[in-house]
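In case you want the letters, here they are:
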Amino acid sequence: MLNRYKLISMVLVFLLFISSVNYAWAGTYNISAQPENDVSSVILGAPLVWNNPNFIRNGLGLNGEGQVVGVADTGLGTGVLDTLHPDLRDKIIGVKDYSGDGWDDPFGHGTHIAATIAGSGAQSGQRLKGIAPNAELYFQATHNQSTGKLELPDLYSLLEDAYVNGGVRIHSNSWGFTEDSGIYDQNASSLDQFVWEHPEMLVLKSAGNFGDDESSYVTSPGSAKNTLTVGATESPRGIDRDSDNPYQVAAFSNRGTTDGRIKPDLVAPGTWVLSASRDGDGEDHSYSYLSGTSMSTALATGSAILTRQYFTDIKNINPSAALVKAALIHGAKELPGESRLSQGFGLIDLHGSLMTLENKKTAIYDNLKINEEQQMEFEFDASGNAPLKVTLVWSDYPQRPGANNVLVNDLDLKVTTPDGRDLWGNNNIGGDKKNNVEVVTIDSVQSKVYSDQTYSIQIKGSDIQEGPQPFSLLFGEMPLRGEVKFSSQDGKYIDTYDGGNLDVSSETEVLLVKNSKYDGQIPFKDIPTGTSIYYYPASSEGEKPQLTAVYDLAYAALKSRLKTDKPVIYLDTKNHWAEDVISSMSRQNILAGYPDGTFRPNEQVTRAQFASMLVRTLKLVESPAGAAKFHDVSPGAWYSGTIGAAVEAKLVAGYSEHTFAPNDLITREQMAVMIARALSGGKIPYDPEDKTLEHYSDLQDISLWARPSISLMVNYGITRGREINQFNPQGKASRAESAVALQRMLQQL
């Protein structure tokens, strides 16, 4: 058992307080004026959860009723219950004063956080309520005004106090140790120990607000394995550079760990969030705007509370922390153009998570236990109408601080497709050896060839040092998501977030929540443009399509003022055969042009450049350590992290043990082999009777070691010959050819 430790009057940095100075106007909001709805809840899909009749059973809706949240922060309001902000006055079940001089909130930070999570909205007529407005609060005040420091006990004791004395099962922390950013330190180890010993306690932690600095890893204890670390996305308010794109990670949001793990786990809105101010006197200072990952964490905490309530009240499950975390990750929305390092597993979509859990085909497993080398098998029959997603999460045994390998119990997720390909968790062939969250997503909408057959799901206890290891597993089909738009040519349609379009019959009924009120079942033709929509298509078993939607006038108006996402246009790609693909891949930040406005589509690609394209396409986390064995890959080279990530994921290899040749031009057969490994999970079939390549007149020029990979690529239509009967395997791949091959690969994953 790890030693517990004691913090004595350590100076910590409150993440929001810093960000409110550097990034946001800490403005007040006069409730006597006509209030706007806070857009953050709309981005999360919360109004659909509050008002969706599918979540109201026995008269109970999802609002946090019966849930207790713990918040460790500066303080609350004036520090006197009778004069607290009206949104919080009846919420407090207990206060633990660690500060030593009362629990007043001099900065308004703790008040803003608490109300964002569970404020009743009483002061605004429920228009500006928290995400879980009926939850109760156990507050731990930490700021000492005389010293200007945060007075905290050791982290284990902080969590234990909330767990025992407050009955807390969701705990929120919007503060951090900046000097240990990204390091698996004593704080991270202590947090992991507590969750290992109390597996039903989910601890959330803000990522930090110094992301503009290249070395800005998540602040401690955000590097803990068993926490849910939260980064920030922008709002659509259009006020500054951090509020002009709700599907973009805020520049200030910290990311990554020193050992290359995926942190943050998720992101949530974090700029210009409107919530209760310290001085909620009902006149001019009731609500204020603040920014930072603190605000994102508060919104994520509210989402976790409603998810936990869904399990306890709707599913009659007492969920582990791993299951609540898995549910939020499972329903998260991938942000096109954002790396895995910056967004984690995506933007929290509360309704997307719960709609998926409500689907009768979704499998939910909690507290399954696995031992060393044990394998568990599951199967899923896909309809072919919606993406298939598998999410594995476990609360890992605590590692000693400073260890090189933080993961103690390694589980691996593998999904075998009906055509025999292996897809590995987080796109790491052979298994992810760093993270205790693994995800596989299969876009079966774009790949229908085998969609009506069975997918095999395998969980393996690859290295269980402290077992048995409990885990949570979710798998099933995901709703298609997008926004209702209109064109004079096509009428109303759904614009998906990845740039695709969905056609829906004009008479199809949609469950609509409009301006936070249930509006009934509305024909699709009557749904306002700007509406966010969730869509399960009709199944082959005869089930009707399911559509739910949320529309908010204020949110739609704000978004309409923002710059539209225009296609990326280069000076030299107009009318090029790959023009559309280059534009699409550039919007996703997989490709980029040159400073002079050109793309140079016919320019040849080096091995380092293609490895980097492949890593960005698969959203792998850069890892310079993975390339350390190559003598010709300098640790400071721009490509060292991407080559390392590709090597660790078993996608590429060097010419020899210590030679990668990063500046050599990549051949078409080398490119084919790299993509084939990603497509097949490293299981490239070999058939001595395969005649796929026999029609190429230059078959003899294709290296024997590359033939199975090229055959696979040709069969899937990912790459073809440059001419009808010539493959040109030793020819050098161009930037345009690389872009097209990578996009076709994505269409098969």
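Everything numeric in this text was worked out from a predicted model, so none of it was measured.

With respect to the overall build of the chain
When helices and strands are tallied, the chain shows 17 helices and 27 strands. Radius of gyration (C-alpha) of the chain: 26 Å, near the 27 Å computed for a compact globule of 749 residues. A burial count over the chain gives 62% of its 749 residues as buried. Considering only contacts in the chain between residues 6 or more positions apart, those separated by 24 or more positions represent 76%. Split by element, the accessible area of the chain, about 27,700 Å² in all, is 47% carbon and sulfur.

A word on the sheet that holds strand β27 (residues 546–551)
Spatially, β23-β22-β21-β26-β27-β24-β25 is the arrangement adopted by the seven strands of the open sheet, whose pairing is mixed. The open sheet is flanked by β23 (501–502) and β25 (517–523), the only strands paired with a single partner.

Examining unusual backbone geometry
Cis geometry is found at the peptide bond from Ser220 to Pro221, where omega equals 5 degrees. Topologically, Pro221 is positioned in the loop between β8 (202–206) and β9 (227–233). Residue Pro468 is reached from Gly467 by a cis peptide bond, and omega for that bond is 0 degrees. Tracing the backbone shows Pro468 in the loop between β19 (454–464) and β20 (469–477). Its identity as a non-glycine residue notwithstanding, Asn426 has a phi of 60 degrees, on the positive side. Mapped onto the fold, Asn426 is located in the loop between β17 (422–424) and β18 (437–442). Look at Asn426 and you get buried, because its relative accessible area is 9%.

Remarks on the packing of helix α4 (residues 109–118) against helix α7 (residues 293–314)
Across the interface, α4 lies against α7 with an axial gap of 8 Å and an inter-helix angle of 30 degrees. Of the possible angle classes, the one that applies to α4 and α7 is roughly parallel. Judged by the sense of rotation from one axis to the other, the crossing of α4 with α7 is right-handed. In this structure, α4 uses His109, His112, Ile113, Thr116 and Ile117 to contact α7, whose residues at the interface are Ser294, Met295, Ala298, Leu299, Thr301, Gly302 and Ile305. Here the contact of α4 with α7 is built from residues that sort into six nonpolar, six polar and no charged.

Looking at the nonpolar core
Core analysis: the largest hydrophobic core is formed by 84 residues, its most contacted members being Ile459, Phe471, Phe610, Ile643, Leu651, Ile675 and Met745. No other element matches helix α15 (residues 668–680), which puts eight residues into this core. One finds Ala114, Ala304, Ala326 and Leu357 within the second-largest nonpolar core, a separate group that totals 64 residues.

Observations regarding the sheet that holds strand β7 (residues 170–173)
Ordered by their spatial adjacency, seven strands build an open sheet running β3-β4-β2-β7-β8-β9-β10, and the pairing between neighbours is parallel. The open sheet is flanked by β3 (92–97) and β10 (266–269), the only strands paired with a single partner. Between one strand axis and the next, the sheet turns by 25 degrees as a mean value, whatever way the strands run. Here β3 pairs with strand β4 (residues 136–141) via five bridges, running parallel. Looking across to β4, one finds that Lys96 is bridged to Gln140.

Focus on the environment of Ser612
Within the secondary structure, Ser612 is located in helix α13 (residues 607–617). Taking the relative accessible area as the measure of exposure, Ser612 reaches 1% and is therefore buried. For the pair Ser612 and Ala132, spaced 480 residues apart in the sequence, the C-alpha separation amounts to 42 Å. Not counting the four nearest positions on each side in its chain, Ser612 is found in contact with Trp638, Tyr639 and Thr642.

A short note on the packing of aromatic side chains
One pass over the full model with this rule turns up 14 aromatic pairs. Grouping aromatic residues by their ring pairs yields a cluster made of Tyr365, Phe378, Phe380 and Phe475. Note that Lys129 overlies the ring of Trp50, its terminal NZ or CZ placed 4.4 Å from the centroid. Note that Arg607 overlies the ring of Phe660, its terminal NZ or CZ placed 4.4 Å from the centroid.

Some words on the pattern of salt bridges
For the structure shown, the criterion picks out 22 salt bridges. Of the charged contacts, one joins Lys263 and Asp265 as a salt bridge, the two residues approaching to 2.9 Å between their closest N and O atoms. Residue Lys263 is classed as buried on the basis of its relative accessible area, which comes to 2%. One network of salt bridges, in which partners are shared, links Lys263, Asp265 and Lys325.

A few points about the pairing of β4
When you tally the buried positions in β4, you get five out of six residues, the bulk of the element. For strand β2 (residues 68–73) and β4, the ladder comprises six bridges, and the chain directions are parallel. Counterpart to Ala72 in the pairing with β4 is Gln140.

Topic: the pairing of β9
For β9, the tally of buried residues reaches seven of seven residues, placing the bulk of the element in the interior. Side chains of β9 alternate between two faces, with Thr227, Thr229, Gly231 and Thr233 and Leu228, Val230 and Ala232 buried alike. Pairing geometry for β8 and β9, over four bridges, is parallel. The partner of Val203 across the bridge, within β9, is Thr227. Both β9 and β10 contribute to a ladder of four bridges, which runs parallel. Within β10, the position partnered with Gly231 by the bridge is Val267.

What counts, and at which threshold
Residues numbered from 1 in each chain as written. Predicted model: local features only at pLDDT ≥ 70, side-chain atom pairs only at ≥ 80, totals over all residues. Heavy atoms only, no water. Helix = DSSP H or I, 4+ residues; strand = E, 2+ residues; numbered from the N terminus. Rg over C-alpha atoms; globule rule 2.2 N^0.38 Å. Buried < 20%, exposed > 50% of the residue type's maximum accessible area, 1.4 Å probe, protein only. Contact = heavy atoms within 4.5 Å. Areas by Shrake-Rupley, 256 points an atom, 1.4 Å probe, with all protein chains shown as cover. Pairing = 2+ DSSP bridges. Axes fitted to C-alpha atoms, helices over the stretch in contact; angles between N-to-C directions. Parallel < 35°, antiparallel > 145°, perpendicular 65-115°, else oblique. Left-handed = near helix turned anticlockwise from the far one by under 90°. Nonpolar A, V, L, I, M, F, W, Y, C, P; charged D, E, K, R; others polar. Core = buried A, V, L, I, M, F, W, Y, C linked by side-chain atoms within 4.5 Å. Phe/Tyr/Trp six-rings, centres within 6.5 Å; stacked < 30°, edge-to-face > 60°. Lys NZ or Arg CZ within 6 Å of the ring centre and 35° of its normal. Salt bridge = Lys/Arg side-chain N within 4 Å of Asp/Glu carboxyl O.

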